[in-house]
Amino acid sequence: MNNTIKTKENESPFVHETAFVDEGASIGVGTKIWHFSHIMSEAEIGERCNIGQNVMISSHVVLGKNVKVQNNVSIYTGVICEDDVFLGPSCVFTNVTNPRSAINRRGQYAKTYVGQGATIGANATIVCGHDIGRYAFIGAGAVVTKTVNDYALMIGNPARQIGWMSEYGCRLDFDQSGTAVCEESLEVYKLNNYKVTKS
Ligand SMILES: CC(C)(COP(=O)(O)OP(=O)(O)OC[C@H]1O[C@@H](n2cnc3c(N)ncnc32)[C@H](O)[C@@H]1OP(=O)(O)O)[C@@H](O)C(=O)NCCC(=O)NCCS
């Protein structure tokens, strides 16, 4: 329970009294864990994360700093989220491609990397083994079956790329010279060989 948390720098994160944190889990300073959530041993959660209600985080999952996990998300072994990732409510990760109840595939869990600043929309599903690029944006309800480019905006089932999103979460409209300006931050982006970079 809560008295078994290994905190970094000896500062306690906030763990709601209904949440369970198993011995050996590592929780960063300033992280909050809300009602009915369960963090398993050897999970590593960075600083200033927010873990919503009814979230399950399996052993060996790694979350960077400032990761926001909305309600009802299960994050299975094999998932690694970099800093500033947003996981929308009830989004789904998988870690076995061909599960069968009677066949033990423990130890064969596929990895899924979610790059810095990426957003996964509500109720989206990420089929395992497909990495999500930095600042990619997965629309609500999308089913991701392929690796996703940095800054790509994906929707649908199977998910298809319909555009690009800025780090602020605004659509990027590239002109003929391959330049786009984020309407909110006014930051400038370049599109070259189907790769987006921030100037
Ligand atoms: C993908 C998304 C960013 C697009 O936003 P947008 O650029 O404002 O898009 P629009 O609402 O103008 O829709 C553009 C078109 O895409 C369709 N569309 C929008 N979101 C879609 C989605 N998630 N899946 C499928 N189609 C979608 C719209 O129906 C519309 O289709 P049309 O041109 O045939 O009419 C947004 O709809 C979304 O899914 N955001 C995630 C929200 C979320 O999950 N939040 C979680 C925490 S609250």
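So, how was this worked out
- Residues numbered from 1 in each chain as written.
- Predicted model: local features only at pLDDT ≥ 70, side-chain atom pairs only at ≥ 80, totals over all residues.
- Heavy atoms only, no water.
- Near = heavy atom within 4 Å.
- Polar contact = N/O pair within 3.5 Å; in protein donor to acceptor, adjacent residues only side chain to side chain.
- Areas by Shrake-Rupley, 256 points an atom, 1.4 Å probe, with all protein chains shown as cover.
- Nonpolar A, V, L, I, M, F, W, Y, C, P; charged D, E, K, R; others polar.
- Pairing = 2+ DSSP bridges.
- Helix = DSSP H or I, 4+ residues; strand = E, 2+ residues; numbered from the N terminus.
- Contact = heavy atoms within 4.5 Å.
- Buried < 20%, exposed > 50% of the residue type's maximum accessible area, 1.4 Å probe, protein only.

Draft legend 1. Broad picture of the site of the ligand. The full set of residues close to the ligand is Phe86, Pro89, Gly121, Ala122, Phe137, Gly139, Ala140, Leu153, Ile155, Met165 and Arg171. Contacts to the ligand include Arg171, whose side-chain N or O atom sits 2.9 Å from an oxygen atom. With the chains in place, 39% of the 920 Å² that the ligand exposes on its own is no longer accessible. Considering only residue class, the shell around the ligand consists of 8 nonpolar, 2 polar and 1 charged.

Draft legend 2. Quick look at the sheet that holds strand β22 (residues 160-165). With respect to topology, 10 strands assemble into an open sheet ordered β2-β5-β8-β11-β14-β17-β19-β21-β22-β23, the strand pairing being mixed. Strands at the two margins of the open sheet, each flanked by one partner only, are β2 (14-15) and β23 (171-172).

Draft legend 3. Highlighting the environment of Val148. Mapping Val148 onto the fold places it in the loop between β20 (143-144) and β21 (152-155). Along the primary structure Val148 and Ala180 are separated by 32 residues, whereas in three dimensions their C-alpha atoms are 20 Å apart. Contacts of Val148, omitting those with residues within four sequence positions, involve Asp131, Ile132, Gly133, Ala136, Ile138 and Met154.

Draft legend 4. Spotlight on the environment of Cys182. When you line up the elements, Cys182 lands in the loop between β24 (179-181) and β25 (188-192). Here Cys182 falls in the buried class, since its relative accessible area comes to 0%. In sequence terms Cys182 and Leu172 are 10 residues apart; their C-alpha atoms lie 6.2 Å from each other. Not counting the four nearest positions on each side in its chain, Cys182 is found in contact with Ser166, Tyr168, Cys170, Leu172, Glu187 and Tyr189.

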